[in-house]
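Residue-level structural notes
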Amino acid sequence: NHLISGAIIPNLVKVLQAVNGESTKSSLQGVRVKTRTEEHAGLLLKNEAALQRLEIFFEKKFPEQTNASKKSAARLDKPRRRPDFTSSQEDIICSALKDGCKSEILARHGANSVQRGSLQTLNPGVWLNDEILNFFIQQCLAKRDEKLCANEPGRKRSHFFSSFFIQKMFDEKNNNKKLNGQYNYNNVKAWSTKVPGEDIFNLKYLVCPINRDNQHWTSAVIFMEEKRIQYYDSLGCTDWTKLNGLLQYLKDEHRVKNGGELDVKEWKLVACTSDTPRQRGGIDCGVFTCMFCYYILKDTPLPKRFSDRFISKCRKFIALDIMSSFAVKKL
């Protein structure tokens, strides 16, 4: 049984007539009025079909109000969101990002380390510095790559250069303006000796983060098996000089290390695609770059967009990944 406000009783017959025409009379045979007060009355409809037709009529006449009611009900029925991190993980993150001696070393792997001051750049609204970005890409992603290869027999290793690789390749610290920004293979000739197997042509991915004038983070990834070099930029731009330089690097590596010329016709340079997620602020490019490389390593499509909440989660994720794997001491 359904109780309807007495205020609409005078119009109910007209409404049902608009919905069903002459069939309204038969539909109303099961309708009776129940008065509660002088101002309020209810109508019990035993005929479910009549009520359903009435609801359809209102949906057509007032779609905005009907949809709003449905959405409101859906929100009430929606289960509460699970927390992104456990309480113990939150403790690790908060301890790493809190105030303290900025020069204190909190994480280390080999000759690479991360100071508290650098970890604090993972707080919301702060531009990531090179110490964080390079450590995450070079150490954390390399460790994940080892696990992926261990779990997937036949998967080739990947290698993760630091942002200084591109900087050296293009002589960006050279005071000579004629040489600054010019491709120089000799500056990076020895870098390939540090890749797994010392052969870049036997890799799956070759990841190259790029620092553009200390103002913006981007990256280029060489898909060795697919023979593709692709640019990733959260502002949607493409540095063709860097892409062509990386192709030239492959040619020089092939000639020096393997002998013979690389068939560049087999290779493709890909600009930053339109579906690459875009940043809305001016300080999250480092987070985007880290996560682009993370998803590429996992062979996972990039998210369609990075919401503010997701970016905040990514900042915490990077901090947790660094501290969980390479913390100097337990916080």
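Residues numbered from 1 in each chain as written. Predicted model: local features only at pLDDT ≥ 70, side-chain atom pairs only at ≥ 80, totals over all residues. Heavy atoms only, no water.

**Concerning the overall build of the protein**
Filter applied, for reference: For the purposes of this entry, the term helix denotes a DSSP run of H or I that reaches at least four residues, the term strand denotes a run of E that reaches at least two, and both are numbered from the N terminus. Throughout this description, buried means an accessible area under 20% of the type-specific maximum (1.4 Å probe, protein chains only), exposed means over 50%, and partly exposed covers the range between. Contact definition: two residues touch when any of their heavy atoms are within 4.5 Å. Where accessible areas are quoted, they stem from the Shrake-Rupley method and a 1.4 Å probe; at the residue level, only the protein chains shown are allowed to cover.
Each helix and strand in the protein was counted, giving 11 helices and 10 strands. When burial is assessed residue by residue, the protein has 40% of its 331 residues classed as buried. Nonlocal contacts in the protein, meaning residues at least 24 apart in sequence, comprise 60% of its contacts between residues at least 6 apart. About 18900 Å² of surface is accessible on the protein, with carbon and sulfur atoms providing 49% of the total.

**Some details on the nonpolar core**
Our working rule: Nonpolar cores were defined as sets of buried Ala, Val, Leu, Ile, Met, Phe, Trp, Tyr and Cys residues, with membership established by side-chain atoms within 4.5 Å.
In this structure, Leu 119, Met 291, Ile 318 and Ile 322 are the most contacted members of the largest nonpolar core, which totals 47 residues. Sorting the residues of this core by element identifies helix 5 (87-97), strand 4 (105-109), helix 7 (130-151), strand 7 (205-212), strand 8 (216-223), helix 10 (285-297) and helix 11 (308-326) as the ones contributing at least two each. Ranked by residues supplied to this core, first place goes to helix 10 with 11 residues. What Ile 318 contacts, discounting residues up to four positions off in sequence, is Leu 122, Ile 132, Phe 136, Cys 290 and Met 291. Formed by 25 residues, the second largest nonpolar core is a distinct cluster that contains Phe 165, Tyr 185, Leu 206 and Leu 250.

**So, the sheet that holds strand 10 (residues 268-270)**
Keep this limit in mind: Pairing between two strands is assigned when DSSP locates at least 2 bridges connecting them. To obtain each axis, a line is fitted to C-alpha atoms, and for helices this fit is confined to the stretch in contact; angles are then taken between N-to-C directions over 0 to 180 degrees.
Read from one edge of the open sheet, 5 strands run 6-7-8-9-10, paired in mixed fashion. Each edge of the open sheet carries a strand with a single partner, namely strand 6 (159-160) and strand 10. Direction of pairing for strand 8 relative to strand 9 (residues 228-232): antiparallel, over a ladder of 5 bridges. Following the sheet pairing, Ala 220 is matched in strand 9 by Tyr 231. Relative to the sheet, helix 10 contacts strand 6, strand 7, strand 8 and strand 9, its axis offset from that of strand 8 by approximately 15 degrees.

**Remarks on helix 7**
Where we set the bar: Helices are assigned an expected span. That span is 1.5 Å times one less than the residue count. To get the bend at a residue, fit one axis to the 7 residues ending there and another to the 7 starting there, then take the angle between the axes.
Here helix 7 is 22 residues long and its end C-alpha atoms lie 31 Å apart, about the 32 Å a rise of 1.5 Å per residue gives. In helix 7, a bend of some 30 degrees at Phe 136 exceeds every other bend along the element. When we look at burial in helix 7, the residues that qualify are Ile 132, Leu 133, Asn 134, Phe 135, Phe 136, Ile 137, Gln 139, Cys 140, Leu 141, Ala 142, Asp 145 and Cys 149.

**A look at the confidence of the model for the protein**
To be explicit about the condition: Across the chain, each position has a pLDDT score giving the predictor's confidence in that residue, from 0 to 100.
Taken over all residues, the pLDDT of the protein has a mean of 85, while the share at 70 or more is 75%. Counting contacts from residues 1-10, a segment whose pLDDT is below 50, to residues more than four positions away or on other chains yields 23 contacts.

**Considering the packing of helix 5 against helix 11**
To keep it simple, the criterion reads: To sort the angles, those under 35 degrees are grouped as roughly parallel, those over 145 as roughly antiparallel, those from 65 to 115 as roughly perpendicular, and the leftovers as oblique. Each residue gets one label: Ala, Val, Leu, Ile, Met, Phe, Trp, Tyr, Cys and Pro are nonpolar, Asp, Glu, Lys and Arg are charged, and the others, such as Gly, are polar.
Running from N to C, helix 5 and helix 11 cross one another at 90 degrees; their axes reach a closest spacing of 9 Å. One finds that helix 5 runs roughly perpendicular with respect to helix 11. Contacts from Gln 89, Glu 90, Ile 92, Ile 93, Ala 96 and Leu 97 in helix 5 reach Lys 316, Ala 319, Leu 320 and Met 323 in helix 11. Looking at the contact of helix 5 with helix 11, its residues break down into 7 nonpolar, 1 polar and 2 charged.

**So, the environment of Gly 236**
Relative to the assigned elements, Gly 236 resides in the loop between strand 9 and helix 9 (240-258). The exposure class assigned to Gly 236 is partly exposed, which follows from its relative accessible area of 28%.

**Brief notes about the environment of Arg 228**
The test is simple: Here a polar contact means two N or O atoms within 3.5 Å. Within protein one must be a hydrogen donor candidate and the other an acceptor candidate, and residues neighboring in sequence count only if both atoms are side-chain atoms.
Considering the arrangement of structural elements, one finds Arg 228 in strand 9. Placed 38 residues apart in sequence, Arg 228 and Glu 266 show a C-alpha to C-alpha distance of 8.7 Å. Those residues in contact with Arg 228, other than ones at most four positions away along the chain, are Val 221, Ile 222, Phe 223, Trp 267, Lys 268 and Val 270. A polar contact is formed between the side chain of Arg 228 and the side chain of Gln 230, at a distance of 2.9 Å.

**Looking at the pattern of salt bridges**
Selection rule: Salt bridge, as applied in this entry: a Lys or Arg side-chain nitrogen positioned within 4 Å of an Asp or Glu carboxyl oxygen.
According to the stated counting rule, one finds 18 salt bridges in the structure shown. For Asp 239, the salt bridge identified is with Lys 242, shortest N-O distance 3.2 Å. With respect to class, Asp 239 is no different from Lys 242; both count as buried. Among the salt bridges present, the one from Glu 253 reaches Lys 257, with a minimum N-O distance of 3.2 Å. Of the two residues, Glu 253 and Lys 257 both sit in helix 9, 4 residues apart, roughly one turn of that helix. Residue Glu 253 is classed as buried on the basis of its relative accessible area of 2%. A relative accessible area of 38% means that Lys 257 is categorised as partly exposed. What you see here is one network of salt bridges that share partners, running through Glu 172, Arg 212, Asp 239 and Lys 242.

**As for helix 5**
Here helix 5 has its buried residues at Ile 93, Ser 95, Ala 96 and Leu 97. Tucked inside the fold, the buried residues of helix 5 contact strand 4, helix 6 (116-119) and helix 11.

**Focus on the side chain of Asn 211**
Inspection of the secondary structure puts Asn 211 in strand 7. A polar side-chain atom of Asn 211 sits 2.8 Å from the main-chain amide nitrogen of Asn 214.

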